[in-house]
Amino acid sequence: GEDVEQSLFLSVREGDSSVINCTYTDSSSTYLYWYKQEPGAGLQLLTYIFSNMDMKQDQRLTVLLNKKDKHLSLRIADTQTGDSAIYFCAERGGGYQKVTFGTGTKLQVIP
Amino acid sequence: DGGITQSPKYLFRKEGQNVTLSCEQNLNHDAMYWYRQDPGQGLRLIYYSQIVNDFQKGDIAEGYSVSREKKESFPLTVTSAQKNPTAFYLCASSIATAGEPKQFFGPGTRLTVL
């Protein structure tokens, strides 16, 4: 079946850039997503990219997609303490209702 | 305000009891989903429904049941057959078309079995 993998933890200093990486196995992925989850809360959709795109930028967020290597990344510029959260990578493919989530990367921002 | 509500936020259950988690949305979305979240495992799909009176099993449906009698409501029952029900449960909804990529999530219910 489909698999999405992420590293579990990332620590950065406030003001630096954060890069969260994700790899996936489904070659038929149509959309790839980044969600943010704050403690005890639901998931908030941050951004998504269609599989025929290489890059998408939205204010401090930059998403890069390498479809050949099935690698997705999320770059957060000028990381703030409010960015501390768990970030989930997800992909949709093989039927629009099926979204596969990664294990989440916990981002810790050090003041 | 439009959105998804889940209740209760915290739920405690004794072993052997069934318990029902509520999920309501006023986004006029056709599709609704239930996920289970465990530490270090991401989200796993329990059940989903694309239309009223119809639903399908996800990856971990055993020990759970759902109903979809109204478009805005998709309650999840955790039965006594679920062997390890302690987890964080998330409900989501989306427009049910192939071209619409966004799922919106509720705030979650944390279930603890005593």
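That block above? That's the structure.
Peer 1: How should the overall build of chain A be read in this particular structure?
Peer 2: Broken down by element type, chain A carries zero helices and 11 strands. Sequence-ordered secondary structure for chain A, helices as α and strands as β, is β-β-β-β-β-β-β-β-β-β-β. Taken against the 2.2 N^0.38 rule, which gives 13 Å for 111 residues, the C-alpha radius of gyration of chain A at 13 Å falls within 12% of a compact globule. Projecting the C-alpha coordinates of chain A onto the three principal axes gives extents of approximately 40 × 30 × 20 Å. Considering only residue pairs separated by 6 or more positions, chain A has 55% of its internal contacts joining residues 24 or more positions apart. Total accessible area on chain A is roughly 5,300 Å²; 49% of this is exposed by carbon and sulfur atoms. Both charge centroids of chain A, one from 11 positive and one from 13 negative side chains, sit 1 Å from each other.

Peer 1: What exactly am I supposed to notice about the pattern of salt bridges here?
Peer 2: Within this structure, the stated rule accounts for six salt bridges over all chains. Between K36(A) and E38(A) there is a salt bridge, with its nearest N and O atoms 3.4 Å apart. A relative accessible area of 10% means that K36(A) is categorised as buried. A salt bridge links K71(B) to D30(B); the shortest N-O distance between them is 3.4 Å. Note that K71(B) is positioned in the loop between β7 (64-66) and β8 (76-78) and D30(B) in the loop between β3 (19-25) and β4 (31-37), a separation of 41 residues in sequence. Via salt bridges that share partners, R36(B), D38(B) and R44(B) belong to a single interconnected network.

Peer 1: It is not clear to me how the interface of chain B and chain A should be interpreted in this structure. Could you clarify?
Peer 2: By convention, interface size is frequently given as the accessible area that disappears when the constituent parts associate. Taken residue by residue, the interface counts 24 residues in chain B and 19 residues in chain A. For the pairing of chain B and chain A, the buried interface totals around 1,800 Å² over both sides, and the portion due to carbon and sulfur atoms is 53%. When the area that chain B buries against chain A is broken down by residue, the three leading residues are L43(B), P101(B) and F105(B), summing to 27%. In this assembly, chain B and chain A are joined by zero salt bridges. Summed over the shared surface of chain B and chain A, the result is four residue pairs in polar contact (both at pLDDT 80 or more). At the level of elements, β4, β5 (43-51) and β9 (87-94) of chain B are the ones that each hand at least two residues to the side of chain B that touches chain A. Residues belonging to the side of chain B that touches chain A are distributed by class as follows: 11 nonpolar, nine polar and four charged.

Peer 1: What is the right way to read the state of the cysteines from this model?
Peer 2: Every disulfide links exactly two cysteines, by a covalent bond between their sulfur atoms. Residues and elements named next belong to chain A. This model, assessed by the stated rule, comprises two disulfides over all chains. Across the disulfide from C22 sits C89; the S-S distance is 2.0 Å. Taking the torsion about the S-S bond as the criterion, the C22 to C89 disulfide, at about -65 degrees, is left-handed. Taken as a pair, C22 in strand β3 (residues 18-24) and C89 in strand β9 (residues 85-93) lie far apart in primary sequence, 67 residues in all. Neither C22 nor C89 differs from the other in exposure class; each is buried.

Peer 1: When you look at the environment of R60(A) in this model, what are you seeing that I'm missing?
Peer 2: Locating R60(A) in the fold gives a position in the loop between β6 (55-58) and β7 (61-66). Dropping the residues within four chain positions of it, R60(A) is found in contact with R75(A), I76(A), A77(A), D78(A), T79(A), Q80(A) and D83(A).

Peer 1: Explain the sheet that holds β3(B) to me, please; I cannot follow it from the model alone.
Peer 2: Residues and elements named next belong to chain B. Spatially, β1-β3-β8-β7 is the arrangement adopted by the four strands of the open sheet, whose pairing is antiparallel. Strands at the two margins of the open sheet, each flanked by one partner only, are β1 (4-7) and β7. Each neighbouring strand pair of the sheet contributes to a mean axis angle of 20 degrees, computed without reference to strand direction.

Peer 1: Would you take a moment to explain the packing of aromatic side chains for this structure?
Peer 2: Within a pair of aromatic rings, the relevant descriptors are the distance that separates the centres and the angle that separates the planes. Residue and element names in this part refer to chain A. In total, this model carries 12 aromatic pairs over all chains according to the counting rule given. With a centroid separation of 6.0 Å and an interplanar angle of 70 degrees, the aromatic rings of Y31 and Y48 are classed as edge-to-face. Taken together, the positions of Y31 in strand β4 (residues 29-37) and Y48 in strand β5 (residues 43-50) put the pair 17 residues apart, joining distant regions of the chain. Note on Y31: relative accessible area 12%, which makes it buried. Seen from their ring centres, Y35 and F101 are 5.7 Å apart, and the 45 degrees between their planes marks the pair as tilted. Remark: F101 occurs in strand β10 (residues 99-101) and Y35 occurs in strand β4; sequence separation between them is 66 residues.

What counts as what
- Residues numbered from 1 in each chain as written.
- Chains lettered and ligands numbered in written order.
- Predicted model: local features only at pLDDT ≥ 70, side-chain atom pairs only at ≥ 80, totals over all residues.
- Heavy atoms only, no water.
- Helix = DSSP H or I, 4+ residues; strand = E, 2+ residues; numbered from the N terminus.
- Rg over C-alpha atoms; globule rule 2.2 N^0.38 Å.
- Contact = heavy atoms within 4.5 Å.
- Areas by Shrake-Rupley, 256 points an atom, 1.4 Å probe, with all protein chains shown as cover.
- Lys, Arg positive; Asp, Glu negative; His and termini not counted.
- Charge placed at Lys NZ, Arg CZ, Asp CG, Glu CD.
- Salt bridge = Lys/Arg side-chain N within 4 Å of Asp/Glu carboxyl O.
- Buried < 20%, exposed > 50% of the residue type's maximum accessible area, 1.4 Å probe, protein only.
- Buried area = accessible area lost by both parts, 1.4 Å probe.
- Polar contact = N/O pair within 3.5 Å; in protein donor to acceptor, adjacent residues only side chain to side chain.
- Nonpolar A, V, L, I, M, F, W, Y, C, P; charged D, E, K, R; others polar.
- Disulfide = S-S within 2.5 Å.
- Pairing = 2+ DSSP bridges.
- Axes fitted to C-alpha atoms, helices over the stretch in contact; angles between N-to-C directions.
- Phe/Tyr/Trp six-rings, centres within 6.5 Å; stacked < 30°, edge-to-face > 60°.

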